[in-house]
Amino acid sequence: QLKSLMEIGVVLRGTLEDYKRAPVFITAKESISPLLLDKNACEVLIALAKNGLPATMIPMPIMGAGVPVTISGAAAVNYAEVIATMVALRCIVPDAMVGGGSMASYMDMSGKGIKFNVMDAIKVDMLTAQVFEEKYGLDFGFGIYSSDAKRLGSEVLLERFLKILGGFMVRKSNYVIGLYDQGMV
């Protein structure tokens with residue numbers, strides 16, 4: 001699909017150079033915590049890097065399942081996954097445009113699945129965004145992509161408000177508000 005997306009991007013931007021300078025389509029890959037990236041995700045990230053496009057890694061640490069339940073423990077695994085991916089990509093494509101983000105969630109032990117919009121998960125996203133901004137100068141995506149709500153309504157609005165407030169507190173303004181019902185819709 002990358003070739004087709006690049007062709008559309010060239011049509012929208014005018015030239016391949018303009019598209020690479022300001023990509024219209026950005027895809028991201030998620031690791032399976034802790035520290036596992038499947039073959040397909042690796043191939044996509046490498047193809048993006050080789051084509052001079054942003055290769056973005058957005059871990060989805062599930063607190064209490066794949067990563068520690070604590071904010072600091074989940075953030076540490078999150079950092080390790082992003083840095084490991086960035087280093088690996090730079091070993092293959094030294095001038096790769098690499099980036100990342102965070103989309104933490106919390107395992108609901110009552111059997112109701114994972115929750116993206118609990119305060120501890122929001123804090124992991126905030127910490128990740130802030131550390132990578134301050135230490136590396138990278139503008140990371142901020143994890144407001146998914147909602148736990150089953151349908152659009154006041155619950156989604158409240159979740160988005162809390163996530164955007166968290167992003168605002170760490171000076172983020174790149175909000176994606178797409179998915180709800182744990183990414184099922």
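One numbering rule holds for all chains: residues counted from 1, following each sequence as written. Only residues with pLDDT of 70 or above have their local features reported here, since the model is predicted, and side-chain atom pairs are shown and tallied only from 80 upward, although totals for entire chains, interfaces and linings are computed over all residues. As a rule here, side-chain values come from all non-hydrogen atoms in the structure, and water together with hydrogens is ignored.

Visitor: Got a minute to help me understand the overall build of the chain in this structure?
Guide: Helix and strand assignments follow DSSP, with helices taken as H or I runs no shorter than four residues and strands as E runs no shorter than two, numbered in order from the N terminus. A count of helices and strands for the chain gives six helices and seven strands. The secondary structure elements of the chain, listed N-terminal to C-terminal, are α-α-β-α-β-β-α-β-β-β-α-β-α. Here the term buried applies to any residue with accessible area under 20% of the maximum for its type, exposed to any over 50%, and partly exposed to those in between, with areas from a 1.4 Å probe on protein chains only. Relative to its 185 residues, the chain shows a buried fraction of 41%. Should any heavy atoms of two residues lie within 4.5 Å, those residues are counted as being in contact. Restricting the contact set of the chain to residue pairs at least 6 apart, pairs at least 24 apart contribute 63%. Counting only carbon and sulfur atoms, one obtains 63% of the accessible surface of the chain, whose full area is about 9,900 Å². Working definition of accessibility: Shrake-Rupley area with a 1.4 Å probe, residue cover restricted to the visible protein chains.

Visitor: It is not clear to me how the pairing of strand β5 (residues 105-108) should be interpreted in this structure. Could you clarify?
Guide: A regular strand places its side chains on the two faces of the sheet in alternate fashion. For two strands to pair, DSSP has to find at least two bridges joining them. Across two bridges, the pairing between strand β3 (residues 62-63) and β5 is parallel. Counted as the bridge partner of Met-63 is Tyr-106 from β5. As defined by bridge partners, β5 adjoins strand β6 (residues 113-115) across three bridges and the pair is classed as antiparallel. Looking at the pairing, Tyr-106 lines up with Lys-115 of β6.

Visitor: Even after reading the chapter, I still don't get the side chain of Asn-78, so can you show me in this structure?
Guide: Turning to its location among the elements, Asn-78 is positioned in helix α4 (residues 71-92). For Asn-78, a relative accessible area of 0% puts it in the buried group. Among all residues touching Asn-78, those that are not within four sequence positions of it are Pro-59, Pro-61, Gly-101, Ser-102, Val-124 and Thr-128.

Visitor: Quick question: what am I supposed to make of helix α1 (residues 2-13) here?
Guide: Because the α-helix completes a turn every 3.6 residues, residues three or four places apart line up on one side. In a helix, the anticipated span is given by 1.5 Å times the number of residues less one. Under the 1.5 Å per step criterion, the end-to-end length of α1 is 16 Å for 12 residues, consistent within 8% with the ideal 16 Å. Buried residues of α1: Leu-2, Met-6 and Gly-9, and no others. End-on, the buried residues of α1 take up no more than an arc of 60 degrees, which puts them together on one face. In this structure, α1 carries Lys-3 and Val-11 as exposed residues pointing more than 90 degrees from its buried face. Contact partners of the buried residues in α1: α2 (16-21) and α3 (39-50). The arc in question is traced by the directions running from the helix axis to the C-beta atoms.

Visitor: Would you explain the side chain of Ser-102 in this entry?
Guide: Mapped onto the secondary structure, Ser-102 falls in strand β4 (residues 98-102). Here Asp-125 takes part through its side chain, which lies 2.5 Å from a polar atom of the side chain of Ser-102. Two N or O atoms form a polar contact when they lie within 3.5 Å of each other; inside protein one atom must be a possible hydrogen donor and the other a possible acceptor, and for residues adjacent in sequence the pair counts only when both atoms belong to side chains.

Visitor: Got a minute to help me understand the sheet that holds β5 in this structure?
Guide: A sheet is described by the order of its strands in space; here three strands give the open sequence β3-β5-β6, paired in mixed fashion. Where the open sheet ends on each side, the last strands, each with one partner, are β3 and β6.

Visitor: Would you mind going over the packing of helix α5 (residues 119-136) against helix α6 (residues 154-169) with me for this structure?
Guide: The description of two helices packed together rests on the angle between their axes and the distance between the axes. Relative to each other, α5 and α6 sit at 30 degrees, their axes nearing to 9 Å. Classified by the angle between their axes, α5 and α6 sit roughly parallel to one another. In this structure, α5 crosses over α6, and the sense of that crossing is right-handed. Residues Ile-122, Asp-125 and Met-126 of α5 touch α6, and the partners they reach there are Leu-162, Lys-163, Gly-166 and Met-169. A class-by-class count of the residues in the contact of α5 with α6 yields four nonpolar, one polar and two charged. What counts as an axis is a line fitted to C-alpha atoms, over the stretch in contact for a helix, and the angles between N-to-C directions run from 0 to 180 degrees. Should an angle fall under 35 degrees it is taken as roughly parallel, and over 145 as roughly antiparallel, whereas 65 to 115 is taken as roughly perpendicular and any remaining angle as oblique. By the definition used in this description, the sense in which the near helix is turned from the far one sets the handedness, with an anticlockwise turn below a right angle giving left-handed and a clockwise turn giving right-handed. Note that Gly is not counted as nonpolar here; it falls among the polar residues with everything else outside the nonpolar set of Ala, Val, Leu, Ile, Met, Phe, Trp, Tyr, Cys and Pro and the charged set of Asp, Glu, Lys and Arg.

Visitor: It is not clear to me how the packing of α3 against α4 should be interpreted in this structure. Could you clarify?
Guide: Two elements in contact, α3 and α4, have axes whose closest approach is 10 Å; the angle formed by their N-to-C orientations is 50 degrees. In this view, α3 runs oblique relative to α4, as classed from their interaxial angle. Relative to α4, α3 is oriented so that their crossing is right-handed. Every residue of α4 that contacts α3 at Leu-45, Ile-46, Ala-49 and Lys-50 is listed here: Thr-85, Leu-89 and Ile-92. Of the residues belonging to the contact of α3 with α4, the class tally is five nonpolar, one polar and one charged.

Note that all results are geometric; they support no functional claim without further evidence.
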